[in-house]
Amino acid sequence: MSCADETSLGARRGIGRALLADPMGLAGLVIVVLFLSMAVFAPWIAPYDPIALDVKAKFQTPSAAHWAGTDHLGRDLLSRIIWGARLALGIAITSVGIAGGLGLILGLVAGYGPRWLDGLLVLVFDSMSSLPMIFFALAVITVLGPGTATLILVIVLVSFPAYARLIRTQTLALAGADFILAERVMGAGTARILLRHLLPNVTGPLVILLCMDIPVVIMLEAGLSYLNLGVKPPAPSWGNMLSEGYNALRQAPHVVVVAGIPLVLATLGFTFLGEGLRDVLDPRGAGRRWG
Amino acid sequence: MTAVLDLRALSVDLPLGGFLTRARLPILCDVSLSVGRGESVALVGESGSGKTTLARAVMGLTPISGGSVFFEGQRVDGDLARLRRNAAMMFQDATASLSPRLTVGYLVTEPFRIHGLPLPDPAATARDLLARVGLPPAIARRYPHELSGGQARRVGVARALALDPRLVVADEPTAGLDVSVQAEVLNLMHDLRAGMGLAYLVITHNLALVRHVADRVVVLYLGRVVEEGPTARIFAAPAHPYTASLIAAEPKPDPRRRRADLAIRGEVPSVLRRPAGCEFHTRCPLVRDLCRSTPPDLVPVGDGRQARCHFADQRQDKQGERHAVDHR
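Just so it is clear, the model here is predicted, and its values are computed rather than measured.

### Focus on the overall build of chain B
Of the regular secondary structure elements, chain B holds 11 helices and 12 strands. For chain B, buried positions account for 53% of its 328 residues. Here the analysis covers contacts within chain B between residues at least 6 apart in sequence; of these, 64% occur between residues at least 24 apart. Within the structure as shown, chain B displays about 14,800 Å² of accessible surface, and the carbon and sulfur contribution to it stands at 53%.

### Overview of the overall build of chain A
Within chain A, the secondary structure is distributed over 11 helices and zero strands. Helices and strands in chain A line up, N terminus first, as α-α-α-α-α-α-α-α-α-α-α. Per-residue burial over chain A gives 48% buried out of 291 residues. Working note: accessible area of chain A is about 13,800 Å², and carbon and sulfur atoms make up 70% of it.

### As for the domain arrangement of chain B
Residues and elements named next belong to chain B. Looking at chain B, the domain boundaries give domain 1 (5-214) and domain 2 (219-326). Between domain 1 and domain 2, the C-alpha centre-to-centre distance is 28 Å. Taken together, the contact pairs 21 residues of domain 1 with 19 residues of domain 2. Buried area between domain 1 and domain 2, summed over both chains or domains, comes out near 1,700 Å², and the portion from carbon and sulfur atoms is 60%. Looking only at domain 1, the three residues that lose the most surface to domain 2 are Glu46, Leu207 and Arg211, adding up to 33% of its buried area. One salt bridge in this structure joins Arg283 and Glu46, with 3.0 Å as the shortest N-O distance. Along the contact surface separating domain 1 from domain 2 lie six residue pairs in polar contact (both at pLDDT 80 or more). Only strand E2 (24-35), strand E3 (40-44) and helix H7 (207-213) provide two or more residues apiece to the side of domain 1 that touches domain 2. Classifying every residue of the side of domain 1 that touches domain 2 by side-chain character gives 13 nonpolar, five polar and three charged.

### Some remarks on the confidence of the model for chain B
All names here are of chain B. Mean pLDDT for chain B: 82, with 90% of residues reaching 70 or above. The low-confidence segment residues 323-328, where pLDDT is below 50, has one contact with residues more than four positions distant or belonging to other chains. Here the prediction assigns the complex a pTM of 0.77, and the interface score ipTM is 0.83.

Cut-off values and rules
- Residues numbered from 1 in each chain as written.
- Chains lettered and ligands numbered in written order.
- Predicted model: local features only at pLDDT ≥ 70, side-chain atom pairs only at ≥ 80, totals over all residues.
- Heavy atoms only, no water.
- Helix = DSSP H or I, 4+ residues; strand = E, 2+ residues; numbered from the N terminus.
- Buried < 20%, exposed > 50% of the residue type's maximum accessible area, 1.4 Å probe, protein only.
- Contact = heavy atoms within 4.5 Å.
- Areas by Shrake-Rupley, 256 points an atom, 1.4 Å probe, with all protein chains shown as cover.
- Domains from an automatic or database assignment.
- Buried area = accessible area lost by both parts, 1.4 Å probe.
- Salt bridge = Lys/Arg side-chain N within 4 Å of Asp/Glu carboxyl O.
- Polar contact = N/O pair within 3.5 Å; in protein donor to acceptor, adjacent residues only side chain to side chain.
- Nonpolar A, V, L, I, M, F, W, Y, C, P; charged D, E, K, R; others polar.
- pLDDT = per-residue confidence, 0-100.

So this is what it looks like as structure tokens:
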């Protein structure tokens, strides 16, 4: 569509400012930006190679040389945390992004398409979400073998029905709205109505939900990696680090603590940001947290 | 000369949401009406009489179950493109009919984009369209929620007129506007009609509006035409008691002139249980036995008018007398 001359988004000006005015949203934003820059600049800011062994220096507590200490193979924990951010956020953002995109398309089709297609898609969404997540994940990993790609596939399959259902509900609510009828009366085709008029009006809540789901995915990845069902070991996954640290809990308790901190922080950061966004984008919802 | 819009025995049913049943609820029954080139026709009736359904059926938003719609002599049949290119609709809620995330400038030029018409300078086109309805160019950068009711209505008019349509279907064009803005919008519609040879189908229950804009009036009751004719004639001497009651119910500057004997009683009957015989007999102040058993047909009653009443002719005479008395 040749409509580059007008901006369709950006109707809600001042989202950023409103978010900054909210202490929790601001905290979330700062943490998220911190982790994102860790992920992006990992090769430049990590002081050591995250998988380089130095067995002589194993289980060192934090020091000037190793700010976060070393693990059972003498690998620098800070470097592993920084590279781990790239892994965790990479997997979380990729899988949530794919699931969100899939949910968006299927939700719009279900909500605006013919009744029979809607019925079929809702059946698919409901059957997918009726599967217990962990057991479904275990089953898929058993069949395909553990690894990053499998992990992303599992997360996408488990989470897209929720997004699709959200978008479908929003689309259904808007399909009979006057402005959609007005577009139809003017002769607008289905593609124009879906992309230009429904899409911008249904994505707000999805963005919030996606943001709130990123920590869930980070935890899921860490959990599966901890069970050795996720990212394969030498790679610096936070879950792998927890698992290795747990094995050496008595000798070097700092490993588990150091590996746990980024997990907690990242989870909190994305949750705060999601809640902040919700308050800013959807003032009707849930009400203020303080009060 | 062919009419711009011609409805022939148009019927609309809605499916009753029963499981395994195919029962359908008739909303509009055999409605025939035509709108000539440059003519303004008002469709009046109470809430629930099927006015809005008729507008939506004409524009292809509600599937029709019987009869046909002719636009400029050609039957509209599945292919709505020609109708939608040359006819426009104004919605009752002007603000809600504008897509919320797009600017006014985009919205008023959207008809060009939809129909793939050349739009070399969208900003200039938007400025011209807005100027036509008396809005400053700065409005083009606004979003619908930043407009007042009157501004949103004008934007709706500007967009409806973007492609120089031959017909505008206006659903309650003055609803929700205060009186001064109503007058502005009506004058605007009137001027545009004179300038462009535009035909209007105006849907309303506001009789003052009807008097102001309509050449002809079509009165709907429970989805049927009960009276139809030139505005001046109908207001002077309604042939159907329902029309008479509507006119009598209209607020008058002088309350003593209100006709209590014609006051309408009770609620509109449910379309689920249509009365037998004449469908208006449950509320008619002049009801007789014949009305309870036999449905009347829409018959000519002189002066280019039609009415669906067994006794329209007799009353015509009486009202003529009363009119004569009034003027003495």
